[in-house]
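Read off the chains here:
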Amino acid sequence: MSDATAEPDKISGPTPDNALRAGDRADDGPVLAADGTPLKRSLSRALRAQKLRALALIAPLLIFVLVSFIAPIFDMLFRSVENQIVGETLPRTVVALADYDATSDELPRDEVFEAAYYDIFIAAERKEHTRLGSRLNYEQTGSSSLFRKSGRGIDDIGEVYQDQFEDLDENWDEARPWAELMGDPDWIAAQDAWGGEGRMPRFELRDGISDLLPRTAETYQIFARFMQTEEGESPLEEEPWTVVHTALYQDLLAGDVSGYTGPRADMLVAADALVESPGFETVVFRDAFEEIDEDWLNPEIWQTIKTYSPTYTSGYFLNSIDMQKTPEGPALRDEDERIYGLLFQRTLWMSMIITFSCILLGYPIAYLLSNLPMRTANLLMILVLLPFWTSLLVRTSAWKVMLQQQGVINDVLVWLGMVADDGRLVMINNQFGTIVAMTHILLPFMILPMYSVMSTIPPSYVRAAKSLGATNWTTFWRVYFPQSVPGIGAGSILVFILSIGYYITPEIVGGTSGIFISNRIAYHISSSLNWGLAAALGTILLVVVLVLYWAYDRIVGIDNVKLGG
Amino acid sequence: MKLSKTLMATSALTVAAAGAYAAGHGMADSMTLVSWGGAYQASQQNAYVAPYLEMNDGVSATWDESSAEAVAKLRAMNEAGNITWDLVDVVAADAIRLCDEGLAMEVDHDELLAPAPDGTSASDDFGDLIVSDCFIPQIVYSTTFGYRTDMVGDTPPTSVCAVFDTEAYPGKRSLERRPIANMEWALICDGVSIDEVYNVLETEEGQDRALAKLDTIKDDVIWWNAGADTPQLLADGEVVIGSTYNGRLFSAIEEQDQPIGMLWDWQMFDLDGWIIPAGLPEDRLARVQDFVRFATDTQRLADQAKYISYGPARASSAPLVSTHAELGIEMAPHMPTDPANAQNTFLFNYEFWADYRDDIDAKFQAWLAR
């Protein structure tokens, strides 16, 4: 008898105790599981299988969250540094501006104007110039109309050349001769054979034409492929843009075509002679730009293009902390344009006030709920939850009715004689209105975590404290309150983080002094369309919340936060 | 297996049916129209959407009340590559921006829209109101002031500068929370002539001058964001005078019988109209073009004025404007374009605000926040 009960250590064979003992005897080689494999391996295999099963179970949710939540957020936040539009719309200009000193207050070289002519012409055909104009307008007032005007006027330059070539030979204004001059014969044959169904054969340049007429070949190829893909037209039937004529003039001036013997050689040689002739009218790009708009001769626009030419920019982030990018480096904005620092401070400050008011109002209610009999507590709980089932807009508008100068509260106060009729209190469209309405709206988020923590505090502790002679206050403050702190912590985090990003209530009752940073973010998303700036402001807000969360974890400890049980 | 087979069979049937239908008509049988909601959308529904659906059996129209965020949403749809809207009602400034961004389709007004009954081409009939190649104008509306008739004593305001006169007209006033129009009014009341307003506003000093003028009433202003705010504030007696769209004031005065008077002095005209999103599939585009041609003809635009006091954008529609559909009152005197109302007016300066909006708005918001 005594063998089996009093001395379990004597039992041999695979029991947990024996396994542990075996583990302690390090010198005995690897511990073996019951089936003879090393214990470590068999354990990790079992665990891995378990982990994989768990992962497989949450995989749908994980993928859903990643795809539909995390990825779009990062995509949006990424816009805060993205700036491809300048380099993509004005590729040649950006290259030509590489050695331009933006701090010099001088105009760039003539080559820059030439590059800008090609870029803006092509952008205008693609209808991208106005988009760039609105982008640069965020940085430089007037860019929007400057680019729109330039898109309209830029044709004039090429028309000068087009007219002269056309006067020389009608063929210079025809589609077919141009295509034969520039296009690969195989491509022309394929394009001719194309019956209008399916994809057009992609335009190819003729061998050697790029060496002979580099600019012309480049612009014609852009033209031809644009016609094919965007317009769905055959380049064999469309006369080229006037920018191609300008390019031809420049090529003929720079190069020598006398040795050329390919298709349309006579046409080209005649044109070369025309260009060399003294009466040939030319356009200076800089003067042409001045004619389109005098602002092109203002170095500021070139400085802006140069400053914002890199693919990624810190400009949006600088804007969102009331600074701006200048050729000399980041600088503070004018005093009368600084707003975001103020709004960030206000958002944080008011969110704290709202959180604190929620604690003050919510604590007694949660205490009451957790100490009342179940029946009454449930009834009260419904009252706490009721606002959740009412539209946010309705609740906010109700506060308008209550708080406005001709509203319920003021009417009652006037009727009671507590305020004069002409001295009605201003309680809305300011910070007070925002705090009142948001405290009301966010109160359930404070009460619920508090309640769930308080309902787990055993009443016997309080009774024990009292039986040991503590006063009511000491009982509460030394025994009850410390145990309810995790609930306050959870509620505060919820309310604070919710209120920091709140938008609709400040918009309606905030007036001018009660609006938050999120109202400006919304404005930039939906009205000014400056999504980059909105993304930068949003990123900063996100980082601020994370930092506060980290600080909270360091000071209070996140383990002390409980949402329930 | 079974399910996927059923699904495939169903979709094959649907495709076949759709194909057969499209072959017969070449037009989609449903449209998603985007508008502003409220009385304005109702006027569109009554004046031309309902009649169009009646004429075209089997066609349905869905409304989406998203015009206020149309530019941002169209941009997002375009990036996602899925345009779900067929026709979008926007203000002219937004139409210009959508056209700039390549999000709206350029249209040939003479080809797309019906000529006037006397044969005048559509582009002549709409005239200068075609402010963008993408924009199909519908109405002229104005942002103007309404005042409480019982709170101004015996001297109802006749000039927009009453807004800045807190001695003669004490009490709060409501203005839109954006610089557009407010800056112009401030300068006009600061003694700048209308021809000079934008030259002045171009300069730093001019902007400061306008803000300084607004500063004199800053403590008395309730700033609104939604067009419905001012009529509500006036009805509650919260403000003595406030700006909003003239149609909102009309409905407060005539339909809801509120003690409100109209102040037309220096009303700011603006335009509202349709744009067709770029990149619609052919069958949907064909349907929308068919609808727009009908919805913007001379009679339909005149009909719209039966339901709301906005002026039809066609010159040929003006003589056809009749009485209100329910109240039976003559609508012409309530139109912002009526000669009696249009003594001092200016048109929303699209080009100026496209350039200066970002800059002046930053200043304006910083000024508001101080």
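Residues numbered from 1 in each chain as written. Chains lettered and ligands numbered in written order. Predicted model: local features only at pLDDT ≥ 70, side-chain atom pairs only at ≥ 80, totals over all residues.

A. Layout of the confidence of the model for chain B. Residue and element names in this part refer to chain B. Across chain B, the average pLDDT comes to 90, with 93% of residues at or above 70. Confidence over residues 1–24 falls short of pLDDT 50; this stretch has two contacts with residues more than four positions distant or in other chains. ipTM for the predicted complex: 0.85, alongside a pTM of 0.86. (pLDDT = per-residue confidence, 0-100. Contact = placed C-beta atoms within 7 Å.)

B. Inspection of the domain arrangement of chain A at higher detail. By the assigned domains, chain A splits into domain 1 (88–154 + 285–332), domain 2 (159–276) and domain 3 (341–560). Relative placement of domain 2 of chain A and domain 3 of chain A: their C-alpha centres are 70 Å apart. (Domains from an automatic or database assignment.)

C. Representation of the interface of chain A and chain B. Across the boundary between the two partners, chain A contributes 27 residues, which contact 27 residues of chain B. Those elements that provide at least two residues to the side of chain A that touches chain B are helix H7 (129–137), helix H8 (143–153), helix H19 (340–371) and helix H27 (517–526) of chain A. For the side of chain A that touches chain B, the leading source of residues is H7(A), giving four residues. Looking at the side of chain A that touches chain B residue by residue, the classes come out as six nonpolar, 15 polar and six charged. (Helix = DSSP H or I, 4+ residues; strand = E, 2+ residues; numbered from the N terminus. Nonpolar A, V, L, I, M, F, W, Y, C, P; charged D, E, K, R; others polar.)

D. Expanded view of the environment of Asp150(B). Residues and elements named next belong to chain B. For Asp150, the position within the fold is in the loop between strand S4 (136–148) and strand S5 (172–176). The exposed category is assigned to Asp150, around which 11 C-beta atoms lie within 10 Å. For Asp150 and Gly261, which are 111 residues apart along the polypeptide, the C-alpha to C-alpha distance reads 9.5 Å. (Buried ≥ 20, exposed ≤ 12 C-beta atoms within 10 Å, placed from the backbone.)

E. Seen up close, the packing of helix H14 (residues 242–254) of chain A against helix H15 (residues 265–276) of chain A. Residue and element names in this part refer to chain A. Taken N-terminus to C-terminus, the directions of H14 and H15 make an angle of 80°; their axes are 9 Å apart at the nearest point. It follows that H14 is roughly perpendicular to H15 by the angle criterion. Residues Tyr249, Leu252 and Leu253 of H14 form the contact with H15, whose own contacting residues are Ala271, Asp272 and Val275. Partitioned by chemical class, the residues of the contact of H14 with H15 number five nonpolar, no polar and one charged. (Axes fitted to C-alpha atoms, helices over the stretch in contact; angles between N-to-C directions. Parallel < 35°, antiparallel > 145°, perpendicular 65-115°, else oblique.)

F. The pairing of strand S7 (residues 239–245) of chain B, seen in detail. Residue and element names in this part refer to chain B. Counting buried positions along S7 yields seven of seven residues, so the element is predominantly enclosed. Relative to S7, S4 is paired through five bridges, and the arrangement is antiparallel. Within S7, the residue paired with Thr144 across the bridge is Thr244. One ladder, built from three bridges, connects S5 with S7; its direction is parallel. Each residue of the ladder has a partner; that of Ser174, found in S7, is Gly242. (Pairing = 2+ DSSP bridges.)

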